[in-house]
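# Structure assessment
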Amino acid sequence: MIRHHITDELLMAYSAGTLPEAFSLVVATHVSLCDECRARLESYDAVGGALLEKMDGAIDLSAGSLDATLARIAAWKDAQDRPASAITQALAPEEQPVFPAPLRDYVGGDPAAVRWRPVGGGVRQAVLPTSREASVRLLYIPAGTAVPDHGHRGTELTLVLQGAFRDEHDRFGAGDIEIATEVTQHTPVAEPGPDCICLAATDAPLRFSGWLPRLAQPFLRI
Ligand code: ZN
Ligand code: ZN
């Protein structure tokens, strides 16, 4: 039961192919798990041609412009550099792999195959290879463990893949997305039960409150 979804702004940007790769991966992974966002994305894709016209300015109605427009739309659709298609899993929730299809292209296999690195306090992470304007990582937070209190200099998009976490604002279970911005200061804590695995994209380094995590930040690339 997914309660926290992707915003219209993010879905539109994803549809238009303007998100950094790291954010595209989080959106594609959520969409592969969420019927509601997949339906919304399809409607944005359907009006993509119209959006394209708007971005390009005036509509040219001269002879041959329809063919030209269709060709531009086709090229625009091809150029959308999305992580692997958001394929619907026809499996029951408990049978679904922890890593949905779009993510498996990046990590290969399951959590046991990931090269986790300790971040401190029992939390582990694996930074995934993407273009550099934003970064994305897997986080492994043992049940009952807290991620250090931190703020954000940009946007942080966190998708829960397994388990659940709570922070000062809400609870996030499997499939849920938390969107943290400049003004969000929070301490996510993994709930008891299965260990929590998240996929988190950030477009700027996090600001940790404590001095020790801050020292470690350049080395952790988060
Ligand atoms: Zn959704
Ligand atoms: Zn955060």
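In this text the structure is predicted, and so the values were computed from the model without any measurement.

### What about helix α3 (residues 35-46)?
With twelve residues, α3 should reach 16 Å at 1.5 Å per residue; the first-to-last C-alpha distance of 17 Å fits that figure. Among the residues making up α3, those that are buried are C37, R38, L41, Y44 and D45. With its buried residues spanning 120° around the axis, α3 presents them on a single face. In α3, the exposed positions that point more than 90 degrees away from the buried face belong to D35, E42 and A46.

### Details of the packing of aromatic side chains
All told, the structure shown has two aromatic pairs when counted by the stated rule. Arranged with centres 5.3 Å apart and planes meeting at 70°, the rings of W116 and Y140 form a pair that is edge-to-face. With W116 in the loop between α6 (101-107) and β1 (117-120) and Y140 in strand β3 (residues 135-141), this pair connects stretches of sequence that are 24 residues apart. Y140 carries the same exposure label as W116, and that label is buried. For the cation-ring pair, R124 lies above Y140, with the distance from its terminal atom to the ring centre recorded as 4.3 Å.

### Some remarks on the pattern of salt bridges
What the rule picks out here adds up to six salt bridges. Across the salt bridge formed by D35 and R38, the nearest N and O atoms sit 2.3 Å from each other. Highlighted residues: D35 and R38, both in helix α3, separated by three residues, approximately one helical turn. A relative accessible area of 57% means that D35 is categorised as exposed. With a shortest N-O distance of 3.6 Å, R137 and E156 are connected by a salt bridge. Remark: E156 occurs in strand β5 (residues 156-162) and R137 occurs in strand β3; sequence separation between them is 19 residues. Taking relative accessible area as the criterion, R137 reaches 3% and is therefore assigned buried.

### Regarding the nonpolar core
Counting 36 residues, the largest nonpolar core has L103, L138 and L199 as its most contacted members. Those elements that place two or more of their residues in this core are α1 (8-16), α2 (21-33), α3, α6, β2 (123-128), β3, β5 and β10 (196-202). It is α2 that provides the largest number of residues to this core, a total of seven residues. In this structure, L103 is in contact with L25, T29, L128, L138, L161 and L199, ignoring residues within four places of it in sequence. Formed by eleven residues, the second largest nonpolar core is a distinct cluster that contains V123, L139, A190 and C198.

### Re the state of the cysteines
Two cysteines whose sulfur atoms are joined by a covalent bond form what is called a disulfide. Considering all chains together, one arrives at zero disulfides under this definition. There is no disulfide at C198, and the cysteine sulfur nearest it, in C196, is 3.6 Å away.

### Details of α1
Within the sequence span of α1, burial applies to L10, L11, A13, Y14, S15 and A16. The first or second residue beyond α1 is G17, which carries a positive phi of 75°.

Rules used in this analysis
- Residues numbered from 1 in each chain as written.
- Chains lettered and ligands numbered in written order.
- Predicted model: local features only at pLDDT ≥ 70, side-chain atom pairs only at ≥ 80, totals over all residues.
- Heavy atoms only, no water.
- Helix = DSSP H or I, 4+ residues; strand = E, 2+ residues; numbered from the N terminus.
- Expected span 1.5 Å × (residues − 1).
- Buried < 20%, exposed > 50% of the residue type's maximum accessible area, 1.4 Å probe, protein only.
- Arc of directions from axis to C-beta.
- Phe/Tyr/Trp six-rings, centres within 6.5 Å; stacked < 30°, edge-to-face > 60°.
- Lys NZ or Arg CZ within 6 Å of the ring centre and 35° of its normal.
- Salt bridge = Lys/Arg side-chain N within 4 Å of Asp/Glu carboxyl O.
- Core = buried A, V, L, I, M, F, W, Y, C linked by side-chain atoms within 4.5 Å.
- Contact = heavy atoms within 4.5 Å.
- Disulfide = S-S within 2.5 Å.

So yeah, pure geometry; function would need other evidence.
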